[in-house]
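# Observations on the model geometry
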Amino acid sequence: MAWITKDSANATIERRAEPYLTDALKKQAADTYLPRYETKKAATLPVLHMIQHTYGWIPHQAIEEVAAFLELAPGDVLDTASFYEEFWLKQKGKHTIAVCRSIACEFCDHKALTDRCRDKLSIEIGDTTDDGEFTLIELECLGACGGAPAALIDEKLHEFLTPDQLDKLIDEARRNKGHHH
Ligand code: FES
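Residue indices follow the written sequence of each chain, beginning from 1 at its first position. Since the coordinates come from a predicted model, pLDDT governs what is reported: local features require at least 70, and pairs of side-chain atoms require 80 or more to be given and counted, while whole-chain, interface and lining totals use all residues.

## Brief notes about the domain arrangement of the chain
- Note that the domain bounds reflect an automated or database-derived domain assignment. Partitioning the chain into domains gives domain 1 (19-83) and domain 2 (95-179).
- Taking only C-alpha atoms into account, the centre of domain 1 sits 31 Å from that of domain 2.

Laid out in C-alpha cells, this is it:
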C-alpha cells in the first residue's frame, strides 16, 4: 500500500454548535472510565468507543472535544483514532458493503466484487455514496474462506458471491430502508 499524503493543515473541520462530547457523555466517561486508569490518556480508547457508539462515527470536532476533556493534544487523539480500522473518521452510510480482500477471496476474484460496487455506486473503497445509503470497504478474512469470495452487507455474510448477485443484494438493501439501525 502506498502512503498517501493528506493536506491536513488545510483541511476544514466541520463544526456544529452542540458538542458531541455532551455533559451526559462526559459524566459517563468520568464515572465509568477515568477511575479505571492511572492517567486520563489511558482512557482515550474507551472514550473514543463511546463517541463512535453514540454517533456511528467520530467527527473531527469530537476528536478535539475528547482531547480537551482528557487534557491531550488533538493530534494525539487523532493518531490513536486513525490507527484503528474499527474507528470511523468519516460518516458511514446506512448500509456497509464489506468485501473480503484476504488470500482465499483474492484468489476467487474479490476484485470483481469490489469493482462492481465501484461501478454501480460510483464510489471508491472507504467512500460513501452522496445519498448516504452505501459505504464500500474491504476487510481482512471474514472467516468464510471456504465460501470465497465472501462479503458482508451490513451484518449479513454472503458466500460464493458473484458480481451479479451482489448487484441484486445492493438493490434489495436499497429497498429495505427500514431494516437497520
Ligand atoms: S479470505 Fe475471505 S473469508 Fe477468508
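## What about the nonpolar core?
- Working definition: the nonpolar core is a set of buried Ala, Val, Leu, Ile, Met, Phe, Trp, Tyr and Cys residues, joined through C-beta atoms within 7 Å. Burial is judged by counting the other C-beta atoms within 10 Å of a residue's own C-beta: 20 or more makes it buried, 12 or fewer makes it exposed, and any count in between marks it as partly exposed, with every C-beta position built from the backbone. Counting 18 residues, the largest nonpolar core has Ile97, Ala150 and Ala151 as its most contacted members.
- When sequence neighbours within four positions are dropped, the list of residues in contact with Ile97 reads Cys117, Phe134, Leu136, Ala151, Ile153 and Ile170.
- Residues Ala43, Ala62, Leu70 and Val77 belong to the second largest nonpolar core, which totals 15 residues. A pair of residues counts as a contact when their C-beta atoms, built from backbone coordinates, are within 7 Å of each other.

## Points about the sheet that holds strand S3 (residues 151-153)
- Whether two strands pair comes down to DSSP finding at least two bridges between them. Helix and strand labels come from DSSP, where a helix needs a run of H or I of at least four residues and a strand needs a run of E of at least two; each type is numbered from the N terminus. The four strands lie next to each other as S2-S1-S3-S4, forming an open sheet whose pairing is mixed. In the strand order of this sheet, the two ends are held by strand S2 (134-139) and strand S4 (156-158), each with one partner. Between one strand axis and the next, the sheet turns by 20° as a mean value, whatever way the strands run.
- Sheet topology places strand S1 (residues 95-100) next to S2; six bridges connect them, and they run parallel. Along S2, the bridge assignment pairs Cys100 with Leu139.
- Sheet contacts for helix H6 (residues 110-121): S1, S2 and S3; angle to S1, the most-contacted strand, approximately 150°.
- Strand contacts of helix H7 (residues 163-175): S1, S2, S3 and S4, with the helix running at about 15° to S3, the strand carrying the most contacts. An axis is simply a line fitted to the C-alpha atoms; with a helix, the fit covers only the stretch in contact. Between two such axes, the angle follows the N-to-C directions and lies from 0 to 180 degrees.

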